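Structure at a glance
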Amino acid sequence: MGKRVAVVGATGAVGVEMLATLDKRNFPVDELFVFASARSVGKKLGFQGREYAVEELTAACFDGKKIDIALFSAGASRSKEFAPAAVRAGALVIDNSSAFRMDADIPLVVPEVNPEDAKAHTGIIANPNCSTIQMVVALKPLHDAAQILRVEVATYQAVSGAGQSAMDECIQQTRDFLASKPLHIEKFAHQIAFNLIPHIDVFQDNGYTKEEMKMVYETRKIMHAPDLRVNATTVRVPVLRAHSEVITVSTEKKLSAAEARAYLAKAPGIIVQDDPAKNQYPMPFFVSGSYPVYVGRIREDISQENGITFFCVADQLLKGAALNAVQIAELFL
Ligand code: NAP
Ligand code: 3JM
């Protein structure tokens, strides 16, 4: 049986990919509803050969539509305000924002890692942060094989992680810089063109940013590993799309690089691209637009007894957002 599906934030960078992913994966959509802000009312979005008029997101917009699944990606404050209304109207909400991720009674799900957690939902299932999703997909097979005790991660995050307008700003700054014109800086604290910024989301009292602490808390919750030690540094780079991460794990049991490579290659959702002799390793430009999590540069950490270091790249608008949300919805077909 098909589903009546709503996409909230349908005009955004993630929302557009939600529609494309539903289509590409042949998700059985009986009826589609697309919501965004009042600014977008009047716009039409194409889906499977039909045009859908954007409706304004309001507390009453879900009423009477018999929506089965509502995919939210319109920011955390909109999720807090409007997701409960969608649930009251009978929908299962899959929320892409940070609004509910750490609530004890709300499952936080990556289908390759903890699909069974989705069953316990009470109306809302949270989609993790984009940087967390690709990391836990890669951690899971290593944890199952050798028990991860500690994770050290540094990210190189694409500008589209801050939305469509941030991507536009990076392109415009690049043009203006090359034309020796003054730069317009709005979406980030500093110029991003020809730069990088070690600051994503707001700073916390402990000196970490909120993005970094999302990676700590969300990873523990998804992996059911409350004591897992995670140290993250998140960095914005002038890449348009796809996040990269350098990840080092310390494990209870020793793994050789060859063993780690074999476990990663067998795991669902992962493609190992690791052949230094042929200059083969994942890169964000080439990973953009594809679904898997790519892993390469797999090697033993020479600075500790039981450690593996690797490079991990995924399209954060797809596996980090839209694809993961649609995969969660597929668990309910
Ligand atoms: P975006 O390109 O800026 O799009 C934002 C979307 O939210 C647009 O559809 C926008 O509608 C809508 N919106 C904004 N204010 C609204 C309001 N007051 N009422 C109704 N709709 C409103 O941002 P994005 O990259 O798609 O991300 C959206 C959210 O998804 C993020 O805030 C985050 O919580 C989550 N997320 C993003 C990523 C990522 O990689 N980008 C990853 C994971 C999760 P209009 O076009 O009408 O303004
Ligand atoms: C990714 O409205 C907001 O504050 C959204 C900020 C945001 C988030 C978030 O906190 O939901 C932008 C980009 C995320 C995320 O996935 O955590």
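What comes next concerns the included structure. Values in this document were obtained by computation on a predicted structure and should not be read as measured data.

Procedures and definitions
Residues numbered from 1 in each chain as written. Chains lettered and ligands numbered in written order. Predicted model: local features only at pLDDT ≥ 70, side-chain atom pairs only at ≥ 80, totals over all residues. Heavy atoms only, no water. Pairing = 2+ DSSP bridges. Helix = DSSP H or I, 4+ residues; strand = E, 2+ residues; numbered from the N terminus. Axes fitted to C-alpha atoms, helices over the stretch in contact; angles between N-to-C directions. Contact = heavy atoms within 4.5 Å. Salt bridge = Lys/Arg side-chain N within 4 Å of Asp/Glu carboxyl O. Buried < 20%, exposed > 50% of the residue type's maximum accessible area, 1.4 Å probe, protein only. Core = buried A, V, L, I, M, F, W, Y, C linked by side-chain atoms within 4.5 Å. Near = heavy atom within 4 Å. Polar contact = N/O pair within 3.5 Å; in protein donor to acceptor, adjacent residues only side chain to side chain. Areas by Shrake-Rupley, 256 points an atom, 1.4 Å probe, with all protein chains shown as cover. Nonpolar A, V, L, I, M, F, W, Y, C, P; charged D, E, K, R; others polar. Patch = residues over 30% accessible without salt bridge, like charges linked within 9 Å, V, L, I, M, F, W, Y side chains within 5 Å.

**Describing the sheet that holds strand E14 (residues 307-314)**
- The mixed open sheet is built from six strands, whose spatial order is E10-E9-E11-E14-E13-E12. With partners counted over all chains shown, the strands left at the sheet margins are strand E10 (229-233) and strand E12 (270-272), one partner each. If you compare each strand with its neighbour and ignore which way they point, the axes differ by 25 degrees on average.
- Sheet topology note: the strand E9 (residues 148-156)/strand E11 (residues 243-251) ladder contains eight bridges and is antiparallel. Looking at the pairing, Arg 150 lines up with Ser 250 of E11.
- Each of E9, E10, E11, E12, strand E13 (293-300) and E14 is contacted by helix H3 (residues 130-146), which is oriented at about 30 degrees to E11, the strand it contacts most.

**Points about the pattern of salt bridges**
- Throughout the structure, instances matching the rule amount to 14 salt bridges.
- Put simply, Lys 140 and Asp 144 hold a salt bridge, and the shortest N to O gap is 3.1 Å. Linking Lys 140 with Asp 144, this pair stays in helix H3, spanning four residues, or about one helical turn.
- The partner of Asp 201 in a salt bridge is Lys 214, with the nearest N and O atoms 3.0 Å apart. With Asp 201 in the loop between helix H4 (164-178) and helix H5 (210-222) and Lys 214 in helix H5, this pair connects stretches of sequence that are 13 residues apart.
- One connected set of salt bridges, linked through shared partners, spans Glu 17, Arg 241 and Asp 315.

**Brief notes about the sheet that holds strand E5 (residues 55-56)**
- In space, the six strands of this open sheet follow the order E5-E2-E1-E6-E7-E8, with parallel pairing throughout. The strands lining the two open edges of the sheet, one partner per strand, are E5 and strand E8 (124-126).
- Sheet analysis places strand E1 (residues 3-8) next to strand E6 (residues 69-72), joined by four bridges and oriented parallel. Paired with Val 7 across the bridge in E6 is Leu 71.
- Sheet strands touched by helix H1 (residues 13-24): E1, strand E2 (29-36) and E6. Its angle to E1, the strand with the most contacts, is close to 155 degrees.
- Along the sheet face, helix H2 (residues 76-88) touches E6, strand E7 (92-95) and E8 and points at about 175 degrees away from the line of E6.

**Quick look at unusual backbone geometry**
- The phi torsion at Ser 180 lies on the positive side, around 55 degrees, for a residue other than glycine.
- Structurally, Ser 180 can be placed in the loop between H4 and H5.
- Judged by its relative accessible area of 68%, Ser 180 falls in the exposed class.
- One non-glycine residue with positive phi stands out, namely Asp 201, at about 65 degrees.

**Examining the nonpolar core**
- One finds Phe 35, Phe 62, Phe 72, Val 151, Ile 247 and Phe 310 to be the most contacted residues of the largest nonpolar core, which totals 59 residues.
- If you tally residues by element for this core, the top one is H3, at nine residues.
- By size, the runner-up hydrophobic cluster in this structure holds 31 residues, among which are Val 5, Ala 13, Phe 47 and Val 326.

**Concerning the site of ligand 2**
- Neighbouring ligand 2 are Gly 75, Ala 76, Asn 96, Ser 97, Ser 98, Arg 101, Asn 129, Gly 161 and Lys 214.
- In the environment of ligand 2, an oxygen atom lies 3.0 Å from a nitrogen or oxygen atom belonging to the backbone of Ala 76.
- For ligand 2, whose accessible area on its own is 390 Å², the fraction buried by protein is 65%.
- The residue makeup of the shell around ligand 2, split by class, is one nonpolar, six polar and two charged.

**Side note on the pairing of E11**
- Most of E11 is tucked away, with eight of its nine residues classed as buried.
- Pairing of E11 with E14, which is carried by eight bridges, proceeds in the antiparallel orientation. The residue of E14 that forms the bridge with Glu 245 is Cys 312.

**What about the site of ligand 1?**
- With respect to spatial proximity, 26 residues lie near ligand 1, and among them Thr 11, Val 14, Ser 37, Arg 39 and Ser 40 are the closest.
- Within the backbone of Gln 164, a nitrogen or oxygen atom sits 3.0 Å from an oxygen atom of ligand 1.
- The protein chains hide 79% of the 890 Å² of surface that ligand 1 would expose on its own.
- Class assignment for the residues of the shell around ligand 1 results in nine nonpolar, 15 polar and two charged.

**A look at a nonpolar patch on the surface**
- On the surface, Tyr 281, Met 283, Phe 285 and Phe 286 cluster together into a nonpolar patch covering about 470 Å² of accessible area.
- Considering the arrangement of structural elements, one finds Met 283 in the loop between E12 and helix H7 (284-287).
- A relative accessible area of 32% means that Met 283 is categorised as partly exposed.

**Digging into the environment of Asn 114**
- Considering the arrangement of structural elements, one finds Asn 114 in the loop between E7 and E8.
- C-alpha of Asn 114 to C-alpha of Val 136: the two residues are 22 residues apart in sequence and 10 Å apart in space.
- When residues no more than four places from it in sequence are discounted, the contact partners of Asn 114 are Leu 108, Val 109 and Ile 222.
- Here the side chain of Asn 114 touches Leu 108 through a polar contact of 2.7 Å, landing on its backbone oxygen.
- Of the polar contacts made by the side chain of Asn 114, one reaches the side chain of Asp 117; its length is 2.9 Å.

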